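The primary structure of each chain is shown beneath.
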Amino acid sequence: MAVLLYLIFSPMARGLALSAMVFRLIQTVVIVASLMSLLTGWLLLTRADVLADAPALALVFFDLHAHGYDLGLVFFGINSLIMGLLVWRSGLFARMFGAGLAMAGLVYLCGSGLRFFAPELASAFAPAYALTILTETAFCLRLLLQRSTDHEDFRLRKNAV
């Protein structure tokens, strides 16, 4: 990613990029750990003949997985805020991508906060996740479809620093 190459030349940006990476790794660990709850629920259902209340217990583990996933999205939201700032300041992309990534981070943080503190409002907030899909897809397409002249612009910026 061109942003990461550009970040090498700014000490503050390097620290922010490192922070973003750490938050993304924490998100990954939390979500992977919550997968154990999903597996446990599935194992309970496949052995429902042994336990009388296995379906009810499996639902508890499925709900635990959903909460673990939303906890992981808190860290992903922080990562998205930082990445939005880095993209905004990089000058390599239109600032709307940075603003969009930061707004997506706010959506993740608000959605997870509602899941934990006001679960009755979480379903009403769900359409806001369309913003995250739109923003992340647009940024991904921008990265995939960037022209080779963008690399020349990067080399000029690198030489100027």
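Our structure is the block above this text.
Everything in this summary refers to the structure shown in the same document. All values reported here derive from a predicted model rather than from experimental measurement. (Residues numbered from 1 in each chain as written. Predicted model: local features only at pLDDT ≥ 70, side-chain atom pairs only at ≥ 80, totals over all residues. Heavy atoms only, no water.)

1. A closer look at the overall build of the protein
Within the protein, the secondary structure is distributed over seven helices and zero strands. Along the protein, from the amino end to the carboxyl end, the secondary structure elements read α-α-α-α-α-α-α. Summarising the internal contacts of the protein: among those between residues at least 6 apart in sequence, 69% fall at separations of at least 24. In the structure as shown, the protein presents an accessible area of about 9700 Å², 72% of it carried by carbon and sulfur atoms. (Helix = DSSP H or I, 4+ residues; strand = E, 2+ residues; numbered from the N terminus. Contact = heavy atoms within 4.5 Å. Areas by Shrake-Rupley, 256 points an atom, 1.4 Å probe, with all protein chains shown as cover.)

2. A closer look at the packing of aromatic side chains
Counted by the stated rule, this structure contains six aromatic pairs. Geometrically, the ring pair formed by Phe 23 and Phe 75 is stacked, given 6.4 Å between the ring centres and 25° between the ring planes. With Phe 23 in helix α2 (residues 11-46) and Phe 75 in helix α3 (residues 54-90), this pair connects stretches of sequence that are 52 residues apart. Between Phe 76 and Tyr 108, the ring centres sit 5.0 Å apart and the planes meet at 70°, which makes this aromatic pair edge-to-face. Pair noted here: Phe 76 is in helix α3 and Tyr 108 is in helix α4 (residues 95-117), with a separation of 32 residues, a long-range link. Owing to a relative accessible area of 12%, Phe 76 belongs among the buried residues under this scheme. A connected cluster of aromatic rings, assembled from ring pairs, spans Phe 76, Tyr 108, Phe 125 and Tyr 129. (Phe/Tyr/Trp six-rings, centres within 6.5 Å; stacked < 30°, edge-to-face > 60°. Buried < 20%, exposed > 50% of the residue type's maximum accessible area, 1.4 Å probe, protein only.)

3. A short note on helix α6 (residues 129-145)
An α-helix turns once per 3.6 residues; consequently, residues spaced three or four apart project the same way. A rise of 1.5 Å per residue sets the reference length of α6, with its 17 residues, at 24 Å; its end C-alpha atoms lie 24 Å apart and thus fit the reference within 8%. By the burial criterion, the buried members of α6 are Thr 132, Thr 135 and Phe 139. Projection of α6 onto a plane perpendicular to its axis shows the buried side chains occupying an angular sector of 75°, all on one side. Turned more than 90 degrees away from the buried face of α6, the exposed residues are Ile 133, Leu 134, Leu 144 and Leu 145. Contacts made by the buried residues of α6 are with α3 and α4. (Expected span 1.5 Å × (residues − 1). Arc of directions from axis to C-beta.)

4. Topic: a nonpolar patch on the surface
The grouping of Leu 18, Met 21, Val 22, Leu 25 and Ile 26 at the surface amounts to a nonpolar patch, some 420 Å² of accessible area in total. With respect to the helices and strands, the residue Leu 25 is situated in helix α2. (Patch = residues over 30% accessible without salt bridge, like charges linked within 9 Å, V, L, I, M, F, W, Y side chains within 5 Å. Salt bridge = Lys/Arg side-chain N within 4 Å of Asp/Glu carboxyl O.)

5. Re the pattern of salt bridges
Enumeration according to the criterion identifies two salt bridges in this entry. Across the pair Arg 115 and Asp 63 runs a salt bridge, and its minimum N-O distance is 3.8 Å. In this pair, Arg 115 is assigned in helix α4 and Asp 63 in helix α3, connecting sequence segments 52 residues apart. You can call Asp 63 partly exposed: its relative accessible area is 40%. A salt bridge links Asp 70 to Arg 115, with the shortest nitrogen-to-oxygen separation between them at 2.9 Å. With a gap of 45 residues between them, Asp 70 in helix α3 and Arg 115 in helix α4 connect regions that are remote in the sequence. Residue classification places Asp 70 among the buried positions, given a relative accessible area of 12%. One salt-bridge network, in which partners are shared between bridges, spans Asp 63, Asp 70 and Arg 115.

6. Things to note about the environment of Gly 111
Looking at the element boundaries, Gly 111 is found in helix α4. Of the residues examined, Gly 111 reaches a relative accessible area of 7% and is grouped as buried. The spatial distance from the C-alpha of Gly 111 to the C-alpha of Leu 121 is 9.2 Å, given a sequence separation of ten residues. Among all residues touching Gly 111, those that are not within four sequence positions of it are Phe 125 and Tyr 129.

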